[in-house]
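Geometric and topological summary
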Amino acid sequence: MKGNKFYLDLENKINFDLVCKNWLKFMNYGLSYDAVCATLKECKLLNTELTIRFTNNNEIKKLNKFWRKQNVSTNVLSFPNKKNVNILKTFNYIGDIAVSYDKIIEESIKYNISFGNHVIHLIIHGILHLAGYDHDNIKNEKKMISIEKRIMKKIGIDADNFELNIKYGERS
């Protein structure tokens, strides 16, 4: 199954690549779009293009093994565009994000958190990686979490009661 959809506004182009049919159950792409726009605005990124690939554990594990040499599934992967490959020069393509339906369901149950809010958080998290943020140490992780919570609040998610990170180093 492959379903490319994109949203275009005056400032950004967001591609949604739906490759796992389970994502049809999510039905909250409007809030995903709001999260993307709020994150890009927070990072002061205008005229930006990115792709969010809605996938499953099988594909994300293959991507993780190929690109990061880690043979495990994960909830989100970010692939920043480090080269200027824009042909039309209309939008600055900042990269791709892949999110795994299976892993997010598993974590939502394990940590007793909303599936929808977890998806939105991981989209924000992935875009922050595309924008150059990282959680490679405690200081940077706290900064990322602070930004994630601020964005989540802006789009109406109660981030104060949403555990963004169980312990340092658990998410990658």
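Shown above is the structure to which this text applies.
Quick look at the overall build of the protein chain
If you tally the helices and strands in the protein chain, you get five helices and five strands. Helices and strands in the protein chain line up, N terminus first, as β-β-α-β-α-β-β-α-α-α. Across the 172 residues of the protein chain, 48% fall into the buried class. Once local pairs closer than 6 in sequence are excluded, the contacts in the protein chain between residues at least 24 apart make up 62%. Carbon and sulfur atoms provide 53% of the accessible area of the protein chain, an area that totals close to 9,600 Å².

Examining the environment of Ile104
Locating Ile104 in the fold gives a position in helix 3 (residues 101-111). Linking Ile104 and Leu122, residues 18 residues apart in sequence, is a C-alpha distance of 9.0 Å. Setting aside residues no more than four positions away along its own chain, Ile104 makes contact with Trp23, Asn75, Val99, Phe115, His118, Val119 and Leu122.

As for unusual backbone geometry
Although it is not a glycine, Asn47 sits at a positive phi angle of roughly 50 degrees. Among the secondary structure elements, Asn47 is positioned in the loop between helix 1 (29-42) and strand 3 (48-55). Phi is positive for Lys69, which is not a glycine, with a value near 60 degrees. Summarising the element assignment, Lys69 is placed in the loop between helix 2 (57-68) and strand 4 (76-80).

With respect to the pattern of salt bridges
Summed over the entire model, instances satisfying the criterion amount to six salt bridges. Here Glu42 makes a salt bridge to Lys154, at a shortest N to O gap of 2.8 Å. Of this pair, Glu42 sits in helix 1 while Lys154 sits in helix 5 (residues 138-154), and the two are 112 residues apart along the sequence. Of the residues examined, Lys154 reaches a relative accessible area of 55% and is grouped as exposed. Here Lys103 makes a salt bridge to Glu106, at a shortest N to O gap of 3.4 Å. In this pair, Lys103 and Glu106 both sit in helix 3, three residues apart, roughly one turn of the helix. Exposure remark for Lys103: the relative accessible area of 16% places this residue in the buried category. Looking at Glu106, the relative accessible area reads 42%, which means it is partly exposed.

Conventions and cut-offs
Just so you know, the residues in each chain are numbered from 1, in the order the chain's sequence is written. Reporting of local features is limited, given that this is a predicted model, to residues whose pLDDT is at least 70; pairs of side-chain atoms are given and counted only at 80 or more, and all residues count toward the totals for whole chains, interfaces and linings. Side-chain metrics in this entry use all non-hydrogen atoms of the structure; hydrogen atoms and water are not considered. Helix and strand assignments follow DSSP, with helices taken as H or I runs no shorter than four residues and strands as E runs no shorter than two, numbered in order from the N terminus. For every residue, the accessible area obtained with a 1.4 Å probe (protein chains only) is divided by the maximum for its type, and the residue is called buried under 20%, exposed over 50%, and partly exposed between those limits. Working rule for contacts: check all heavy atoms of both residues, and any pair within 4.5 Å makes them a contact. Using a 1.4 Å probe, accessible areas were evaluated by the Shrake-Rupley method; residue-level cover was limited to the displayed protein chains. Whenever a carboxyl oxygen of Asp or Glu lies within 4 Å of a side-chain nitrogen of Lys or Arg, that contact is scored as a salt bridge.

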